[in-house]
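In case you want the letters, here they are:
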Amino acid sequence: MIAKKGDADVFRKSGTALSDAAFEAALFAEEDYVYRISFIYLKEEAAALENVQEVAYRAWRGRKSLRDASYFKTWLTRITMNCAFQQHRASFQPLAIEPSQTTSFEERLVDRLYLDDLLDVLEPTERSIVYFRYEEDLSLQEIAQTFNVPLSTIKSTLYRALEKVRRQKGMSL
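Residues numbered from 1 in each chain as written. Predicted model: local features only at pLDDT ≥ 70, side-chain atom pairs only at ≥ 80, totals over all residues. Heavy atoms only, no water.

Chemist: Looking at this structure, how should I read the nonpolar core?
Modeler: Formed by 23 residues in total, the largest nonpolar core has its most connected members in I37, Y41, F132, I143 and F147. Mapped onto this core, the elements with two or more residues apiece are α3 (31-42), α5 (72-91), α8 (124-134), α9 (140-147) and α10 (151-169). The contact partners of I37, leaving out residues within four places of it in the chain, are T80, M81, Y131 and F132. Counting 19 residues, the second largest nonpolar core, distinct from the first, contains F23, A26, L27 and F39. (Core = buried A, V, L, I, M, F, W, Y, C linked by side-chain atoms within 4.5 Å. Buried < 20%, exposed > 50% of the residue type's maximum accessible area, 1.4 Å probe, protein only. Helix = DSSP H or I, 4+ residues; strand = E, 2+ residues; numbered from the N terminus. Contact = heavy atoms within 4.5 Å.)

Spelled out as structure tokens, the structure:
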């Protein structure tokens, strides 16, 4: 059975475990989200695409561990971040932004170049918290659940990250 992207929302709200078909639909629905998170950490299109494949594999392999479908996106985000961290550690090379060969991808990034330049001064964890807060518009509580840390840790990390950007670039945000 081929899953459809529109089916995923129904399954996420069910509050029960997902069937294999529902899991597949939910996974396909979050494919772009996983790619964006992967790109934040890895800063290379090829590495981010590889990470998406690894996330899909690990999520499928561990699908029975997800007991409540309402936590699917949080669970998938955590897998994405863990895979990206592992891939980054395995490469032993600093993160670098390389020009993309895909025109449509470049068009999406044109408006974000200045923001990306500002965020380069941040550590990956700080960068992801800023991204989740301002790009994905997640609440601080949702971010804390995603990272599995106390809310106060997210607040202080976000504040320090914004201050770091201000100090490094001599700006007021």
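Chemist: Looking at this structure, I do not really get the layout of surface pockets. What am I missing?
Modeler: Taking a probe equal in size to a water molecule and rolling it over the atoms shows the remaining empty space. Of the voids in this model, the second largest pocket is the one considered here, and its volume is about 220 Å³. Around the second largest pocket, the lining comprises eleven residues; the ones closest to its centre are K73, T74, L138, E142 and T146. Among the secondary structure elements, those contributing two or more residues to the lining of the second largest pocket are α5 and α9. For the lining of the second largest pocket, the per-class residue count stands at two nonpolar, five polar and four charged. (1 Å grid on protein atoms, 1.4 Å probe; cavity = no way out; pocket = protein on both sides within 12 Å on 5 of 7 lines; lining within 4 Å. Points joined across faces, edges and corners; volume = space filled by probe spheres on them. Nonpolar A, V, L, I, M, F, W, Y, C, P; charged D, E, K, R; others polar.)

Chemist: Before we go on, may I ask you to explain α3 in this structure?
Modeler: Three or four residues apart is the spacing at which side chains of an α-helix point the same way, because the helix has 3.6 residues per turn. Here α3 is twelve residues long and its end C-alpha atoms lie 16 Å apart, about the 16 Å a rise of 1.5 Å per residue gives. Here α3 lies mainly inside the structure; nine of its twelve residues are buried. Along α3, the positions that sit buried rather than exposed are Y33, V34, Y35, I37, S38, F39, I40, Y41 and L42. In the stretch just after α3, K43 is the one whose phi turns positive, near 60°. (Expected span 1.5 Å × (residues − 1).)

Don't take any of this as a statement about function, it's just geometry.
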